[in-house]
Amino acid sequence: MRIYDETLSSRLMLGTARYPSPEILRQAIAASGAEIVTVSLRREAAGERAGQKFWDLIRETGVRVLPNTAGCHSVREAVTTAEMAREVFGTKWIKLEVIGDADTLQPDLFGLVEATRILSAEGFQVLAYTTEDLVAADRLVEAGCRVLMPWGSPIGSARGLNNVYGLRAMRARFPELTLVVDAGIGVPSHAAQAMEPRL
Amino acid sequence: MKILLNGEPAEVNAATLAAALEELGYGEGPFATALNHDFVPASERPETWLTEGDAIEIIAPMQGG
(Lines give C-alpha, C1' and ligand atoms only; values in the text may rest on other atoms or scores of the structure.)
Protein backbone atom coordinates (compact mmCIF):
# COMPACT_ATOMS: atom_id res chain seq x y z
CA MET A 1 0.00 0.00 0.00
CA ARG A 2 1.26 3.43 -0.88
CA ILE A 3 0.54 6.53 1.24
CA TYR A 4 2.16 9.43 -0.60
CA ASP A 5 5.91 8.70 -0.67
CA GLU A 6 5.75 5.81 1.81
CA THR A 7 5.30 2.17 0.78
CA LEU A 8 3.82 -0.10 3.43
CA SER A 9 3.78 -3.87 3.44
CA SER A 10 0.62 -4.09 5.57
CA ARG A 11 -2.74 -2.70 4.48
CA LEU A 12 -4.02 -2.74 8.02
CA MET A 13 -4.63 0.49 9.88
CA LEU A 14 -5.34 -0.07 13.53
CA GLY A 15 -7.46 2.18 15.72
CA THR A 16 -6.15 2.93 19.22
CA ALA A 17 -9.41 3.61 21.07
CA ARG A 18 -11.37 1.39 23.44
CA TYR A 19 -8.69 -1.09 24.45
CA PRO A 20 -9.06 -2.56 27.95
CA SER A 21 -5.57 -1.35 28.91
CA PRO A 22 -2.47 0.30 27.42
CA GLU A 23 -0.67 -3.04 27.62
CA ILE A 24 -3.33 -4.78 25.52
CA LEU A 25 -3.11 -1.94 22.99
CA ARG A 26 0.65 -2.44 22.80
CA GLN A 27 0.25 -6.20 22.32
CA ALA A 28 -2.47 -5.69 19.69
CA ILE A 29 -0.25 -3.37 17.64
CA ALA A 30 2.59 -5.90 17.75
CA ALA A 31 0.37 -8.90 16.94
CA SER A 32 -1.45 -7.16 14.08
CA GLY A 33 1.62 -6.30 12.06
CA ALA A 34 -0.04 -2.96 11.28
CA GLU A 35 2.38 -0.22 10.28
CA ILE A 36 -0.09 2.62 10.82
CA VAL A 37 -2.21 3.39 13.86
CA THR A 38 -4.84 6.09 13.98
CA VAL A 39 -4.67 8.69 16.73
CA SER A 40 -6.53 11.79 17.77
CA LEU A 41 -6.24 14.90 19.90
CA ARG A 42 -8.17 16.22 22.87
CA ARG A 43 -8.11 19.13 25.24
CA GLU A 44 -5.75 18.45 28.11
CA ALA A 45 -5.90 19.89 31.62
CA ALA A 46 -2.68 20.97 33.33
CA GLY A 47 -0.89 18.12 35.07
CA GLU A 48 -3.05 15.46 33.43
CA ARG A 49 -0.21 13.80 31.48
CA ALA A 50 -2.53 11.23 29.88
CA GLY A 51 -1.44 12.41 26.45
CA GLN A 52 2.21 11.94 27.35
CA LYS A 53 1.68 8.34 28.50
CA PHE A 54 -0.31 7.42 25.39
CA TRP A 55 2.19 9.04 23.04
CA ASP A 56 5.16 7.36 24.80
CA LEU A 57 3.47 3.99 24.33
CA ILE A 58 2.82 4.59 20.62
CA ARG A 59 6.35 5.84 19.99
CA GLU A 60 7.83 2.76 21.65
CA THR A 61 6.00 0.55 19.13
CA GLY A 62 7.72 2.33 16.23
CA VAL A 63 4.60 2.41 14.02
CA ARG A 64 3.57 5.40 11.92
CA VAL A 65 0.66 7.47 13.19
CA LEU A 66 -2.26 8.90 11.27
CA PRO A 67 -3.87 11.77 13.18
CA ASN A 68 -7.34 13.00 12.29
CA THR A 69 -9.50 16.09 12.56
CA ALA A 70 -12.51 14.18 13.91
CA GLY A 71 -15.23 16.41 15.27
CA CYS A 72 -14.27 19.48 13.21
CA HIS A 73 -17.25 21.21 11.61
CA SER A 74 -15.54 24.08 9.80
CA VAL A 75 -12.59 24.62 7.51
CA ARG A 76 -10.86 26.84 10.04
CA GLU A 77 -11.30 24.34 12.86
CA ALA A 78 -10.02 21.47 10.70
CA VAL A 79 -6.99 23.45 9.48
CA THR A 80 -6.06 24.56 13.02
CA THR A 81 -6.45 21.00 14.34
CA ALA A 82 -4.30 19.63 11.50
CA GLU A 83 -1.58 22.18 12.25
CA MET A 84 -1.66 21.23 15.93
CA ALA A 85 -1.55 17.53 15.06
CA ARG A 86 1.49 18.00 12.82
CA GLU A 87 3.42 19.62 15.65
CA VAL A 88 2.42 17.09 18.29
CA PHE A 89 2.82 13.93 16.22
CA GLY A 90 5.59 15.04 13.88
CA THR A 91 3.88 13.79 10.71
CA LYS A 92 2.70 15.45 7.50
CA TRP A 93 -0.15 12.96 7.22
CA ILE A 94 -3.60 14.11 8.24
CA LYS A 95 -6.87 12.25 7.90
CA LEU A 96 -8.98 15.26 7.08
CA GLU A 97 -12.57 15.26 8.29
CA VAL A 98 -14.83 18.28 7.92
CA ILE A 99 -18.22 17.26 9.21
CA GLY A 100 -21.18 18.82 7.42
CA ASP A 101 -24.15 17.12 8.99
CA ALA A 102 -24.39 16.65 12.74
CA ASP A 103 -26.81 13.73 12.46
CA THR A 104 -25.14 11.47 9.87
CA LEU A 105 -21.62 12.99 10.25
CA GLN A 106 -21.64 13.25 6.46
CA PRO A 107 -18.56 15.16 5.28
CA ASP A 108 -18.93 18.77 4.11
CA LEU A 109 -17.40 18.22 0.67
CA PHE A 110 -17.15 21.94 -0.11
CA GLY A 111 -15.28 22.60 3.14
CA LEU A 112 -13.20 19.47 2.62
CA VAL A 113 -11.92 20.67 -0.76
CA GLU A 114 -11.13 24.11 0.65
CA ALA A 115 -9.30 22.69 3.68
CA THR A 116 -7.39 20.25 1.44
CA ARG A 117 -6.22 23.12 -0.74
CA ILE A 118 -5.00 25.11 2.30
CA LEU A 119 -3.28 22.16 3.96
CA SER A 120 -1.65 20.86 0.75
CA ALA A 121 -0.18 24.33 0.22
CA GLU A 122 1.21 24.13 3.77
CA GLY A 123 2.98 20.86 2.95
CA PHE A 124 0.50 18.43 4.47
CA GLN A 125 -0.22 15.05 2.89
CA VAL A 126 -3.99 14.86 3.10
CA LEU A 127 -6.03 11.67 3.41
CA ALA A 128 -9.51 13.02 2.78
CA TYR A 129 -12.55 11.48 4.44
CA THR A 130 -15.11 11.89 1.69
CA THR A 131 -18.15 10.31 0.08
CA GLU A 132 -18.14 8.42 -3.21
CA ASP A 133 -18.95 11.67 -5.06
CA LEU A 134 -16.73 11.73 -8.16
CA VAL A 135 -16.90 15.47 -8.70
CA ALA A 136 -15.71 16.10 -5.15
CA ALA A 137 -13.00 13.47 -5.67
CA ASP A 138 -11.79 15.26 -8.81
CA ARG A 139 -11.62 18.54 -6.89
CA LEU A 140 -9.77 16.90 -4.01
CA VAL A 141 -7.17 15.47 -6.38
CA GLU A 142 -6.82 18.86 -8.07
CA ALA A 143 -6.27 20.35 -4.60
CA GLY A 144 -3.37 17.98 -4.00
CA CYS A 145 -4.99 15.00 -2.27
CA ARG A 146 -3.47 11.62 -3.21
CA VAL A 147 -5.32 9.32 -0.79
CA LEU A 148 -9.11 9.29 -0.79
CA MET A 149 -11.04 7.78 2.09
CA PRO A 150 -14.60 7.33 0.83
CA TRP A 151 -17.23 6.20 3.30
CA GLY A 152 -18.87 2.82 2.92
CA SER A 153 -21.88 4.31 4.71
CA PRO A 154 -22.33 6.91 7.46
CA ILE A 155 -19.97 6.74 10.45
CA GLY A 156 -21.19 4.29 13.06
CA SER A 157 -24.12 3.08 10.97
CA ALA A 158 -22.63 -0.40 10.35
CA ARG A 159 -24.51 -0.54 7.05
CA GLY A 160 -21.50 -1.70 5.06
CA LEU A 161 -21.02 -0.58 1.46
CA ASN A 162 -24.11 1.49 0.73
CA ASN A 163 -23.16 2.37 -2.83
CA VAL A 164 -21.01 -0.31 -4.42
CA TYR A 165 -21.52 1.21 -7.85
CA GLY A 166 -20.20 4.57 -6.62
CA LEU A 167 -17.11 3.02 -5.03
CA ARG A 168 -16.45 0.96 -8.15
CA ALA A 169 -16.71 4.10 -10.29
CA MET A 170 -14.26 5.86 -7.99
CA ARG A 171 -11.80 2.95 -8.28
CA ALA A 172 -12.10 3.08 -12.08
CA ARG A 173 -11.70 6.87 -12.20
CA PHE A 174 -8.55 6.90 -10.07
CA PRO A 175 -6.72 3.63 -10.82
CA GLU A 176 -3.40 4.89 -9.40
CA LEU A 177 -4.73 6.42 -6.21
CA THR A 178 -4.87 4.70 -2.84
CA LEU A 179 -8.49 4.39 -1.72
CA VAL A 180 -9.44 3.51 1.84
CA VAL A 181 -13.07 2.68 2.53
CA ASP A 182 -13.37 4.32 5.86
CA ALA A 183 -16.73 4.30 7.59
CA GLY A 184 -19.84 2.23 8.11
CA ILE A 185 -18.03 -1.13 8.18
CA GLY A 186 -20.10 -3.22 10.57
CA VAL A 187 -18.98 -6.83 10.08
CA PRO A 188 -15.87 -8.53 8.67
CA SER A 189 -17.61 -9.38 5.40
CA HIS A 190 -18.14 -5.66 4.73
CA ALA A 191 -14.38 -5.14 4.95
CA ALA A 192 -13.73 -8.18 2.77
CA GLN A 193 -16.18 -6.88 0.16
CA ALA A 194 -14.37 -3.53 0.04
CA MET A 195 -11.10 -5.31 -0.73
CA GLU A 196 -12.44 -7.59 -3.47
CA PRO A 197 -10.67 -6.82 -6.75
CA ARG A 198 -13.90 -6.54 -8.70
CA LEU A 199 -15.85 -5.00 -5.77
CA MET B 1 -6.20 38.91 33.24
CA LYS B 2 -9.24 36.80 32.44
CA ILE B 3 -8.89 34.29 29.64
CA LEU B 4 -10.66 31.19 28.37
CA LEU B 5 -8.63 28.00 28.81
CA ASN B 6 -10.01 25.10 26.81
CA GLY B 7 -13.39 26.81 26.91
CA GLU B 8 -13.38 27.42 30.67
CA PRO B 9 -12.80 30.78 32.40
CA ALA B 10 -9.32 31.13 33.91
CA GLU B 11 -7.09 33.87 35.30
CA VAL B 12 -3.41 34.41 34.53
CA ASN B 13 -0.80 37.03 35.39
CA ALA B 14 1.52 36.04 32.54
CA ALA B 15 1.89 38.33 29.54
CA THR B 16 2.85 35.72 26.94
CA LEU B 17 1.45 32.35 25.94
CA ALA B 18 4.65 30.55 26.99
CA ALA B 19 4.59 32.18 30.44
CA ALA B 20 0.88 31.44 30.82
CA LEU B 21 1.44 27.76 30.11
CA GLU B 22 4.10 27.65 32.80
CA GLU B 23 1.90 29.52 35.25
CA LEU B 24 -1.01 27.16 34.56
CA GLY B 25 1.15 24.12 35.24
CA TYR B 26 1.68 22.69 31.78
CA GLY B 27 5.03 20.95 31.52
CA GLU B 28 7.08 20.11 28.48
CA GLY B 29 4.31 18.48 26.50
CA PRO B 30 3.51 16.81 24.21
CA PHE B 31 0.79 19.32 23.50
CA ALA B 32 -0.04 21.92 20.88
CA THR B 33 -1.58 25.34 21.33
CA ALA B 34 -4.03 27.63 19.58
CA LEU B 35 -4.90 31.22 20.40
CA ASN B 36 -8.32 32.48 19.38
CA HIS B 37 -8.70 29.44 17.11
CA ASP B 38 -5.41 29.92 15.25
CA PHE B 39 -2.50 27.53 15.72
CA VAL B 40 0.51 28.91 17.59
CA PRO B 41 3.71 26.87 17.03
CA ALA B 42 5.75 26.08 20.14
CA SER B 43 8.57 28.29 18.84
CA GLU B 44 6.26 31.32 18.74
CA ARG B 45 4.75 30.96 22.22
CA PRO B 46 7.36 33.19 23.95
CA GLU B 47 6.56 36.07 21.56
CA THR B 48 2.79 35.55 21.58
CA TRP B 49 1.30 38.28 23.78
CA LEU B 50 -2.00 37.71 25.53
CA THR B 51 -4.85 40.15 25.90
CA GLU B 52 -7.95 40.12 28.08
CA GLY B 53 -10.52 37.59 26.91
CA ASP B 54 -8.17 35.51 24.75
CA ALA B 55 -9.19 31.91 24.13
CA ILE B 56 -6.34 29.41 24.59
CA GLU B 57 -6.69 25.83 23.44
CA ILE B 58 -4.29 23.15 24.61
CA ILE B 59 -4.58 19.74 23.02
CA ALA B 60 -2.65 16.55 23.51
CA PRO B 61 -2.50 13.09 21.92
CA MET B 62 -5.32 10.69 22.62
CA GLN B 63 -6.59 7.34 21.44
CA GLY B 64 -8.68 7.49 18.28
CA GLY B 65 -9.68 5.92 15.05
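In what follows, the structure referred to is the one given above.
Residues numbered from 1 in each chain as written. Chains lettered and ligands numbered in written order. Predicted model: local features only at pLDDT ≥ 70, side-chain atom pairs only at ≥ 80, totals over all residues. Heavy atoms only, no water.

Trainee: For this particular structure, what's the right way to read the sheet that holds strand β6 (residues 93-96) of chain A?
Mentor: All names here are of chain A. Strand order in the open sheet made by the four strands is β6-β7-β8-β9, with parallel pairing throughout. Strand pairing shows two members of the sheet lacking a second neighbour, β6 and β9 (178-179), which therefore form its edges. Looking at chain direction, strand β7 (residues 125-130) and strand β8 (residues 147-150) are connected through four bridges and run parallel. Paired with Ala-128 across the two strands is Leu-148, which belongs to β8. Of the strands in this sheet, β6 and β7 are in contact with helix α4 (residues 109-121), which crosses β7 at around 175°. (Pairing = 2+ DSSP bridges. Helix = DSSP H or I, 4+ residues; strand = E, 2+ residues; numbered from the N terminus. Contact = heavy atoms within 4.5 Å. Axes fitted to C-alpha atoms, helices over the stretch in contact; angles between N-to-C directions.)

Trainee: I'm lost on unusual backbone geometry in this one. Help?
Mentor: Glycine aside, residues mostly have negative phi angles, and peptide bonds mostly take the trans form. Positioned with a positive phi, Tyr4(A) is a non-glycine residue whose angle comes to about 55°. Relative to the assigned elements, Tyr4(A) resides in the loop between β1 (2-3) and β2 (6-7). Positive phi, normally seen in glycine, also occurs at His37(B), with a value near 75°. Inspection of the secondary structure puts His37(B) in the loop between β3 (32-35) and β4 (38-40).

Trainee: I tried to follow the packing of helix α5 (residues 134-142) of chain A against helix α6 (residues 164-173) of chain A on my own but got confused; where do I start?
Mentor: Between two packed helices, the angle of one axis relative to the other and the distance separating the axes together describe the packing. All names here are of chain A. Following both chains from N to C, one finds α5 and α6 inclined at 35°, their axes separated by 10 Å at the closest point. Between α5 and α6 the crossing geometry is right-handed. Across the interface between the two elements, Leu-134, Ala-137 and Asp-138 of α5 pack against Ala-169, Met-170 and Arg-173 of α6. In terms of residue class, the contact of α5 with α6 is made up of four nonpolar, no polar and two charged. (Left-handed = near helix turned anticlockwise from the far one by under 90°. Nonpolar A, V, L, I, M, F, W, Y, C, P; charged D, E, K, R; others polar.)

Trainee: How should the interface of chain B and chain A be read in this particular structure?
Mentor: You'll often see interface size given as the accessible area lost when the parts meet. On the chain A side, the residues contacting the 29 residues of chain B number 27 residues. Buried area between chain B and chain A, summed over both chains or domains, comes out near 2,300 Å², and the portion from carbon and sulfur atoms is 58%. As a salt-bridge pair, Glu87(A) and Arg45(B) come within 3.3 Å of each other at their nearest N and O atoms. The leading source of residues in the side of chain B that touches chain A is strand β5 (residues 55-63) of chain B, at seven residues. Per-class residue counts for the side of chain B that touches chain A are 14 nonpolar, 11 polar and four charged. Bridging between strand β4 (residues 36-43) of chain A and β5(B) involves five bridges; their strand directions are antiparallel. (Buried area = accessible area lost by both parts, 1.4 Å probe. Salt bridge = Lys/Arg side-chain N within 4 Å of Asp/Glu carboxyl O.)

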